[in-house]
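Results of the structural survey
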Amino acid sequence: MAMISKTLDISLTKKECNVATRKLSSIKKNRVDNGFKTESGAIESILRGTGLRRNELVNLKVKNLIVKNNKVVGVLVRKGAKGGKVREVQVRKEYQLHIYKLIEGLNSDSKVISGKIPKELQAHRYRAEYAQNMYKELVSLGREDPLQDLTENMGHNRKSVLIYYGVSPK
């Protein structure tokens, strides 16, 4: 509606077009746990450890994982990134070894997840969980600006976006 108003240089209101007003509080998708879990739990572990978006995980290849001492310590997000922004993501410490074991025997050009990601899987919930826990981890490491570090990890430009993931500095 906003695009039509701007294009035609007219002023339309939601009331005139009989469009309901949306409120952030009424959005339920990915805000309430639907209880869905994959059989192996591998996808959930990778999402909890990396905070990747669904599309980033679909396109993730083994060669994009940063491995040190038999642990996956980072992810270089190249393909599928929102806005095409390449970034490096830190992997949460408690998932580094587990993710390594998941990819251990795979060819470097293989995708990390070979099958489809079920649409019932609430990837963004795991992204929020990553944000909350990674923030605590960055604080405990004594990072100078943990909010900025997390903002970059998540692929955002503004720290204020982290509020939507339940991250707030204390």
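Our subject in this report is the structure included herewith. (Residues numbered from 1 in each chain as written. Predicted model: local features only at pLDDT ≥ 70, side-chain atom pairs only at ≥ 80, totals over all residues. Heavy atoms only, no water.)

Examining the pattern of salt bridges
Under the defined criterion, the tally for this structure stands at eight salt bridges. Asp-109 is the salt-bridge partner of Lys-61, the closest N and O atoms lying 3.9 Å from each other. A residue pair is termed long-range when its members are at least 10 positions apart, and Lys-61 in the loop between α3 (54-58) and β1 (65-68) and Asp-109 in the loop between α4 (93-103) and α5 (123-140) qualify at 48 residues. According to the relative accessible area criterion, Asp-109 is partly exposed, its value standing at 42%. A salt bridge links Asp-145 to Lys-159, with the nearest nitrogen and oxygen atoms 2.9 Å apart. Placement of Asp-145 in the loop between α5 and α6 (146-154) and of Lys-159 in the segment after α6 is noted, with a sequence separation of 14 residues between them. According to the relative accessible area criterion, Asp-145 is partly exposed, its value standing at 29%. Because the salt bridges share partners, they merge into one network encompassing Arg-53, Glu-56 and Arg-87. (Salt bridge = Lys/Arg side-chain N within 4 Å of Asp/Glu carboxyl O. Helix = DSSP H or I, 4+ residues; strand = E, 2+ residues; numbered from the N terminus. Buried < 20%, exposed > 50% of the residue type's maximum accessible area, 1.4 Å probe, protein only.)

Let's talk about the sheet that holds β1
Ordered in space as β1-β2-β3, the three strands form an open sheet in which the pairing is antiparallel. Looking along the sheet, the strands with just one partner apiece sit at the ends: β1 and β3 (87-90). Between one strand axis and the next, the sheet turns by 25 degrees as a mean value, whatever way the strands run. Bridge count between β1 and strand β2 (residues 71-77): four bridges; the pairing is antiparallel. When the sheet's bridge partners are listed, Lys-68 is paired in β2 with Lys-71. (Pairing = 2+ DSSP bridges. Axes fitted to C-alpha atoms, helices over the stretch in contact; angles between N-to-C directions.)

A closer look at unusual backbone geometry
Phi is mostly negative for residues that are not glycine, and the peptide bonds are mostly trans. In the Ramachandran plot, Asp-9 falls in the positive-phi region, its phi being about 55 degrees despite a non-glycine side chain. Position of Asp-9 among the secondary structure elements: in the loop between α1 (2-8) and α2 (42-50).

Considering the packing of α2 against α5
Put simply, α2 and α5 touch, their axes get as near as 7 Å, and they point 40 degrees apart. The orientation of α2 with respect to α5, classified from their angle, is oblique. At the point where α2 passes α5, the crossing takes the right-handed sense. Where α2 approaches α5, its residues Glu-44, Leu-47, Arg-48, Gly-49 and Thr-50 are matched on the opposing element by Ala-123, Tyr-126, Glu-129 and Tyr-130. Partitioned by chemical class, the residues of the contact of α2 with α5 number four nonpolar, two polar and three charged. (Parallel < 35°, antiparallel > 145°, perpendicular 65-115°, else oblique. Left-handed = near helix turned anticlockwise from the far one by under 90°. Contact = heavy atoms within 4.5 Å. Nonpolar A, V, L, I, M, F, W, Y, C, P; charged D, E, K, R; others polar.)

Just distances and angles here, no functional claims.
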